[in-house]
Amino acid sequence: MLTSIKTNSFAGDKSKELAMMYYRVAIILFGAQLLMGLIAAFQFIVPGFLFELFDFSVARTVHINALVVWMLYAMIGSVYFMMPDETGIETVGIGIGKLAFWVLTAAVTVVVLVYIFVQIGPGTESSIWLINEGREYLEAPRWADIGIVVVVLTFYANVFLTYMKGEKTGLMTVMVANLLAVSGLYLAGMFFTDNISMDQYWWWWVIHLWVEATWEVFVGTLAAFALIRLIGAKREVVEMWLWIEVLMLFGSGVLGLGHHYFWIGTPEYWWEIGALFSALEPVPLVAMFVHVLYDWGKEQGIAQGKGITGSVLTNGPAMAWLVMNAFGNFLGAGIWGFFHTLPQVNIYTHGTQFTAAHGHLAFFGAYATILVGMMYIGLQSAYGIKIMKASFKSKMGITLISFGVMGMTIALTVAGYEQVLIERAELGGGWEAFFTAQNLPWYIQGQLWRMIMGVVTFIGFIYLLWDLLTIGKTQRALQEQA
Ligand code: HEM
Ligand code: HEM
Ligand SMILES: [Fe+2]
């Protein structure tokens, strides 16, 4: 992945080169995210670890902000990758696109260094502008916020103008419309208000409407693109599915927002609205799952019918990650989300480790998986490999990472269950109850297992990284020998 820029087979396709630049930063930030997670997880077990040097609050901030940023990088990379294929022309403003990449990367580096070395500041405007804006997941200080808006505007202009000039496929139409919503929603996280209810009200517009509406549509679009490439699925079929998915995702996800308005001081009618619409959110996730597996089986069956032996797959590791996405999205977002989405349940589970369990499996299952799959598609293209097969390292990567994240999720679910029973149901909540529950064996063991499974995840990541760095070259050499 690191060398491909010089020896790539893109044949002057600058948009795809830019995509690889975005993927590279994404994978580095993914690694940083995991390291920070390990520190934070260890601090649950040994609370004094790095106390006042690198507090839990700092490790957690970097962990979840790196998560959001690496995903956005990989998403932008994926758009730059697919655009020339979909529109049939080269991306219009590639120079400005590259400049935006460097500006964004420089800004992200400064922000991360400030999080790590400066960490905190006085409770005044200057901290908001220079250190940390204080909204979970979107903590970038305000100067960087404004910079991000400018960079995203140039990105969007690039996408929109290329779309207008080139061929307009259904896939690209969904992408262009949806990206406008993804970018626009970021603005809702930039309001300043000293009323915490209002602050949370707007903040959820970004977090929820990103992950449960617009990012899901983004994933549906990527899956459609990937299916056409990986198994030769028919464009008319995947595009028809995509429109249905868009309708269902927005139909349930937009008002599903109400499941975050149960207890923050918003009017009580949100209980019914949130319960009803968010309970419907798993439906499109089931549809997306069925769609991927059905198309795969169908294309394989057609090939067999024609007497073709062997697999129809053109990229084994990418398809494995895509199938993991179909499963993970349904399980992490759909099932683990549904568990706690009704107010009758959420009153007990709200803010417990159960939420963290869902957060991990959902972000991993719905987003990390497909974005890693896109990186493999990028590598295949960069090295001009006709059929990319999974290597031992690819298999170790996907197996250990998925097993590790699932293990962490189960450990946290057990810890959360204990909190629900003891802290909430038995002791009725409150300060004392909170600490009592944290000192009981199920909670402590849950945290220990999360740490162990976190290490498993990290070992899987090393395999993944090693694979991404080597698979292109190795398989290219094999292809040339054959
Ligand atoms: C890929 C999609 C999803 C992702 C990435 C995701 C991620 C998250 C995260 C990180 C949180 C914790 C936010 C915080 O820090 O407070 C959260 C909360 C929540 N999610 Fe999801 N989620 C997804 C889909 C869903 C779905 C489909 C449902 C319902 C069916 C759902 C139900 C909930 C609920 C009820 C909460 C609030 C938990 C609480 O009260 O503590 N989520 N989600
Ligand atoms: C080495 C593996 C990992 C470890 C040890 C780890 C550990 C942690 C810890 C300790 C927290 C703070 C939890 C709290 O405040 O109670 C956290 C939060 C979080 N992590 Fe991880 N993590 C890992 C990997 C991941 C991955 C792969 C993802 C998603 C792709 C992820 C997504 C999140 C999210 C969304 C939160 C916020 C959850 C919430 O507030 O509900 N983490 N993680
Ligand atoms: Fe939500």
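Throughout this document, residue positions are counted from 1 along each chain, in the order its sequence is written. Note on labels: chains are lettered from A, ligands numbered from 1, in written order. For a predicted model such as this one, the threshold for reporting local features is a pLDDT of at least 70, and the threshold for listing and counting side-chain atom pairs is 80 or more; totals across whole chains, interfaces and linings nevertheless cover every residue. Side-chain figures throughout are based on the complete set of non-hydrogen atoms in the structure, without hydrogens or water.

Draft legend 1. View of the side chain of Asp 145. Positionally, Asp 145 belongs in helix 6 (residues 142-165). We call two residues in contact when some of their heavy atoms are within 4.5 Å. In contact with Asp 145, not counting residues within four places along its chain, are Glu 133, Ala 140, Tyr 186 and Met 190. Labels follow the DSSP assignment, with helices taken as runs of H or I lasting at least four residues and strands as runs of E lasting at least two, numbered in each case from the N terminus.

Draft legend 2. Expanded view of the coordination of the iron atom of ligand 1. Its sole protein donor being His 358 (NE2), the iron atom of ligand 1 sits 2.0 Å from that atom. Donor atoms: N, O and S within 2.8 Å of the metal, or within 3.2 Å for Na, K and Ca. Because water is excluded, sites can look incomplete. Separating the iron atom of ligand 1 from the iron ion (ligand 3) is a gap of 4.4 Å. Structurally, His 358 is set in helix 14 (residues 353-382).

Draft legend 3. Fine view of the site of ligand 2. When at least one non-hydrogen atom of a residue lies within 4 Å of a molecule or strand, that residue is treated as near it. By nearness alone, 24 residues border ligand 2, and Gln 33, Arg 60, His 63, Gln 353 and His 360 come closest of all. Polar contacts here mean pairs of N or O atoms no more than 3.5 Å apart (in protein, one a potential hydrogen donor and the other a potential acceptor; neighbouring residues in sequence count only if both atoms are side-chain atoms). At 2.5 Å from an oxygen atom of ligand 2 is found a side-chain nitrogen or oxygen belonging to Arg 60. Gln 353 is positioned with one of its side-chain polar atoms (N or O) 3.3 Å from an oxygen atom of ligand 2. Classes in brief: Ala, Val, Leu, Ile, Met, Phe, Trp, Tyr, Cys and Pro nonpolar; Asp, Glu, Lys and Arg charged; the others, Gly included, polar. For the shell around ligand 2, the residue count by class is 13 nonpolar, eight polar and three charged. Delimitation of the domains relies on an automatic or database domain assignment. Taken together, domain 1 (10-167) and domain 3 (313-482) each give at least three residues to the shell around ligand 2, which thus spans both.

Draft legend 4. Molecular detail of the site of ligand 1. Neighbouring ligand 1 are 25 residues; Glu 136, His 350, Gly 351, Thr 355 and His 358 lie closest to it. A distance of 2.9 Å is found between an oxygen atom of ligand 1 and a side-chain nitrogen or oxygen belonging to Glu 136. Breaking the shell around ligand 1 down by element, the ones donating at least two residues are helix 8 (196-231), helix 12 (316-339) and helix 14. Here the shell around ligand 1 takes seven residues from helix 14, the largest share from any one element.

Draft legend 5. Broad picture of the coordination of the iron atom of ligand 2. Here the iron atom of ligand 2 is held by His 63 (NE2) and His 360 (NE2), and the distances to it run 2.0 Å. Here the iron atom of ligand 2 is ringed by six donor atoms whose angles at the metal span 86 to 179°, and the overall shape comes out octahedral. Here His 63 is found in helix 3 (residues 56-87), whereas its partner His 360 is found in helix 14, with 297 residues between them in sequence. A residue is classified by how much of its surface remains accessible, and His 360, at 25% relative accessible area, is partly exposed. Every angle between 85 and 135 degrees makes a four-donor site tetrahedral, while opposite donors more than 155 degrees apart, with all other angles between 65 and 115, make a four-donor site square planar and a six-donor site octahedral; other sites are irregular. Any residue under 20% of the maximum accessible area for its type is buried, any over 50% is exposed, and the rest in between are partly exposed; the area is computed with a 1.4 Å probe on protein chains only.

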